[in-house]
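Tertiary structure, described
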Amino acid sequence: MRIVLALLKKEFLQIKRNTFILRLLILVPILQLCILSQAINFEMKNLNLIVVDLDKSPSSELLSKKFQASRYFILREITHSQTPALQEMEDNKVDLVIVIPTHFEKELRGGQSPVVSFVADAVNGMKAGLAANYAANIFMEAAGELAQQLRLPITAKSFNIQTTYSMWYNPILEYKTLILPGLLAVLVTLVSGLLAALNIVREKEMGTMEQMNVSPIAKWQFIVAKLLPFWLIGLFEITLGLLVIRWVFQIPLVGNLALLYAFCGIYMVLILTLGLLISNASRTQAQAMFLTVFFFMVFILTSGVFTPVESMPSWAQTLNKANPIAYFVDVCRRILLKGATFEHLKTSFLSMASFATLSLGLAIWRYKKTHVDS
Amino acid sequence: MVQIENLSRHFGSVQALDNVHLHIEKNQLFGLIGPDGAGKSTLFDILATLRLPSSGTARVHGFDVQTKANQIRKRIGFMPGQFSLYQDLSVLENIRFFANVYGVAFEESSPLIRDIWQQIAPFKHRPAGKLSGGMKQKLALCCALVHKPTVLLLDEPTTGVDPVSRKEFWEMLQTLKSQNITTLVSTPYMDEANLCECIALIQNGKILAINSPAAIVAQFEFNLFGVQSAHSNALINPLRQFEKTQHCFAFGKMLHLTLKDACATEKDIVEFLEKQGHKNVDVWPMKPGIEDCFIELMQS
């Protein structure tokens, strides 16, 4: 215990003295949560639009104005001929072209169904789909108004489609609530995992590891003293992140925070021992950095933070059963957004505890004070 | 205190230590002298329980390095070749940390570290990384002594240290003898060899000789001459071709010349050189130093 305390005192002295790490710990969570949650967004805005108005009637003008008012679209121009508009699309200058046919108003008044066509640039399929859907919604709204103005009897029945929104088209807030808990998980993982791995390799680089190894410090004492500071840092990071989510983004945290901390505590043991294993396998900080980034990058990208796990091929979903970050992201979301209880998360807790035990055992086994080879 | 028998260690096909035998008596100041790459650091790593031998045994304090590493770790102080203290911690924090790890209190007045502490105390709040080379080594020695070890392993403690600090450092080592400490110190500097009670000359993983510095010098059985001219280096090749020459090496501005023939005198050398067209050459008989013995042993 005395040795562990001595080691801990030294670790905290070093962390306290390293102003770079201190700034990193405070700034990274705030900046990442604020910037990434704004930048990573599947909602499309500022789509470039050309309306080809072949009708030139008050009705077609009203339709154009509706698009002009939309926050999703930038109405580049209203033309009266189709070919130059499509040429613009070829040149990547416009995402969507809406063609209002001649006799649009006349046909409406005559009770016929005029055909308005949407041409979307589908090079980016997701963007095209969104653009067409946004446009359809605006069009429905406008058509409703038009029908009233023209006193057409068809309003209610034909245009009630606009009331059905699917998740995709929901306002920004929905996406942020989804991404923030995920980002929080990634953040805690990267910061504490990387710091732990680099810290130990730094001892190797500076030669201080040799002093540790010739001293009577036991393996478990060294590992505990190395893990505990970063374990606390991880919990500090998640606290900071939760505060940002709650007070900056005003997202209510519905779940049991104690449960979240409990899971995070187990998860941190896993991540830190992985960091320890990485530092064991590397000689320099550069190697450790590369290994950590490589592994964590794969884990993060397949974890479901940015893309839904359900859309991955089944082999990737199976691999995800061994992806710690996927568990943590999932648990964060379920606790913070859904208010899941321990009963719901029992299997996740169990899996995480087994991973952590396995990794800790591996780390203790791999760490050797005497080198057998080279 | 330290017994090494048949000790070998190889790294792949490189034989770092080759069948080494070495006994170090209690309270001895024992020097391990050899060029870079001779295997000195490997020997230190094995004695400090950082590496295992490939074959043979090594005992420190009667404990085998392979089976009783923990017993050894409590009793040794080790200074690796590379400076290995926490550069971001202050002098005092480093010493206190090592004292805590070994479960002892840091006493400034303890006879073991009193002298060293006096020299580094003025810098006690300075980060270790910002000390001069000599001060760093004194701090490292202080940290290695803080838990009162009985065996001190110092791997090239004076490499890269200025001459004044080197001298001070060796004076400290001399005083440790009276404190019940057995010291094994390695150095590539031959002048430091004379300061040890007993030295082992090591090259390519093999021990060439073990004895007191005086006895090693006494074993030198050839005639040694110093040779110097305005262009000493131009004399090396002609002298190496001289039929009576055993070896000829440059020592700074002069040459050390060993002759096979015990009867040959400086006159023979001057005559030979003048025949070759080298004028104004000084030649005088010399007493051999450790370095001459080392070169002699390396050649045979």
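Residues numbered from 1 in each chain as written. Chains lettered and ligands numbered in written order. Predicted model: local features only at pLDDT ≥ 70, side-chain atom pairs only at ≥ 80, totals over all residues. Heavy atoms only, no water.

With that settled, consider the packing of aromatic side chains. Within this structure, the stated rule accounts for 15 aromatic pairs over all chains. When the ring of B:Tyr86 is compared with that of B:Phe97, the centres are 5.7 Å apart and the planes differ by 80 degrees; the resulting orientation is edge-to-face. Residue B:Tyr86 is found in the loop between strand 6 (76-79) and helix 3 (91-101), and its partner B:Phe97 is found in helix 3; the two are separated by 11 residues along the sequence. Relative accessible area serves as the criterion here: at 3%, B:Tyr86 is assigned to the buried category. Given the relative accessible area of 4%, B:Phe97 is considered buried. Residues B:Phe106 and B:Trp117 carry aromatic rings whose centres are separated by 5.1 Å and whose planes lie at 75 degrees to one another, so their mutual orientation is edge-to-face. Taken together, the positions of B:Phe106 in the loop between helix 3 and helix 4 (114-120) and B:Trp117 in helix 4 put the pair 11 residues apart, joining distant regions of the chain. B:Trp117 carries the same exposure label as B:Phe106, and that label is buried. In this arrangement the basic side chain of A:Arg246 is found over the ring face of A:Trp247, its NZ or CZ atom lying 4.6 Å from the centre. Positioned above the aromatic ring of B:Phe249, the side-chain terminus of B:Arg240 is 5.4 Å from the ring centre. (Phe/Tyr/Trp six-rings, centres within 6.5 Å; stacked < 30°, edge-to-face > 60°. Helix = DSSP H or I, 4+ residues; strand = E, 2+ residues; numbered from the N terminus. Buried < 20%, exposed > 50% of the residue type's maximum accessible area, 1.4 Å probe, protein only. Lys NZ or Arg CZ within 6 Å of the ring centre and 35° of its normal.)

What follows concerns the pairing of strand 13 (residues 254-259) of chain B. All names here are of chain B. Across the six residues of strand 13, five count as buried, placing the element largely inside the fold. Sheet analysis places strand 12 (residues 245-251) next to strand 13, joined by six bridges and oriented antiparallel. Its bridge partner being in strand 13, Phe251 is matched across the sheet by Met254. (Pairing = 2+ DSSP bridges.)

On the chain A side, the residues contacting the 27 residues of chain B number 28 residues. Between chain B and chain A, a total of about 2600 Å² is buried, with carbon and sulfur atoms accounting for 58% of that surface. When the buried surface of chain B facing chain A is broken down by residue, B:Leu50, B:Arg73 and B:Tyr86 rank first, second and third, together holding 23% of it. The tally of links between chain B and chain A comes to two salt bridges. For A:Arg17, the salt bridge is made with B:Glu93, and the minimal N-O distance between the two is 2.6 Å. Applying the counting rule to chain B against chain A returns 11 residue pairs in polar contact (both at pLDDT 80 or more). Among the secondary structure elements, those contributing two or more residues to the side of chain B that touches chain A are strand 1 (2-11), helix 2 (69-75) and helix 3 of chain B. With five residues, helix 3 of chain B is the largest single contributor of residues to the side of chain B that touches chain A. (Contact = heavy atoms within 4.5 Å. Buried area = accessible area lost by both parts, 1.4 Å probe. Salt bridge = Lys/Arg side-chain N within 4 Å of Asp/Glu carboxyl O. Polar contact = N/O pair within 3.5 Å; in protein donor to acceptor, adjacent residues only side chain to side chain.)

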